[in-house]
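So the chains spell out like this:
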Amino acid sequence: MSARICPSCQYNVTSTVVTACPNCGQALPTTLASAQANALETRSTTYVVRNGDTLSRIATKFRVRLSDLLGWNNLNSRSMIKPGQRLVMYVADDQRAGI
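Here we summarise the structure given alongside this text. (Residues numbered from 1 in each chain as written. Predicted model: local features only at pLDDT ≥ 70, side-chain atom pairs only at ≥ 80, totals over all residues. Heavy atoms only, no water.)

### Quick word on the nonpolar core
Note the following rule: Only buried residues count toward a nonpolar core, which is a set of Ala, Val, Leu, Ile, Met, Phe, Trp, Tyr and Cys residues joined through side-chain atoms within 4.5 Å. Classification of residues uses two cut-offs on accessible area relative to the type maximum, computed with a 1.4 Å probe and protein chains only: under 20% is buried, over 50% is exposed, and between them is partly exposed. In this text, helices come from DSSP runs of H or I with a minimum length of four residues, and strands from runs of E with a minimum of two, each type numbered from the N-terminal end. For this analysis, residues touch if any pair of their heavy atoms sits within 4.5 Å.
Counting residues in hydrophobic clusters, the biggest one holds 16 residues, and the most contacted among them are Leu55, Ile58, Phe62, Val64, Leu69 and Met89. Counting residues per element, the ones that place at least two in this core are α1 (55-61), α2 (66-72) and β4 (86-92). Among the elements that take part in this core, β4 stands out by supplying four residues, more than any other. With near-sequence residues (within four places) excluded, Met89 lies in contact with Arg43, Ser44, Thr45, Tyr47, Ile58, Phe62, Leu69 and Trp72.

### Focus: the environment of Leu87
Summarising the element assignment, Leu87 is placed in strand β4. For Leu87 and Val49, which are 38 residues apart along the polypeptide, the C-alpha to C-alpha distance reads 7.3 Å. Excluding residues within four positions of it along the chain, Leu87 makes contact with Thr45, Thr46, Tyr47, Val49, Leu55, Ile58, Asn73 and Leu75.

### Some words on the packing of aromatic side chains
The description of two aromatic rings rests on the distance between their centres and on the angle between their planes. For the record, the criterion: Aromatic rings from Phe, Tyr and Trp, taking only the six-membered ring of Trp, are treated as a pair when their centres fall within 6.5 Å; an angle between ring planes under 30 degrees marks them as stacked, one over 60 as edge-to-face, and anything in between as tilted.
For the coordinates displayed, the defined rule picks out two aromatic pairs. Ring geometry for Tyr47 against Phe62: centres 5.4 Å apart, planes inclined by 70°, an arrangement best described as edge-to-face. In this pair, Tyr47 sits in strand β3 (residues 42-48) while Phe62 sits in the loop between α1 and α2, placing the two residues 15 residues apart along the sequence. Residue Tyr47 is classed as buried on the basis of its relative accessible area, which comes to 7%.

Quick look at the structure:
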């Protein structure tokens, strides 16, 4: 079993079934796995916002939930993003192809 680190408070979460940090409530990056297969590794990636981007489109492009994208970047549903702003995401290796 591998530990996960909360991106917000750096708390070491050892349970694979926990989806939110027990210390601060931040959504945790998840690994995708079937009961029969090995889990895919999840890694952080940084995206630089471009003119015309929206949080919703960015979440869709990287196949992450909008709520996770907001949480990882300490944003809320009313937050404005600007070109050049950097956003952190935790994306499974199989979703990184073509990024």
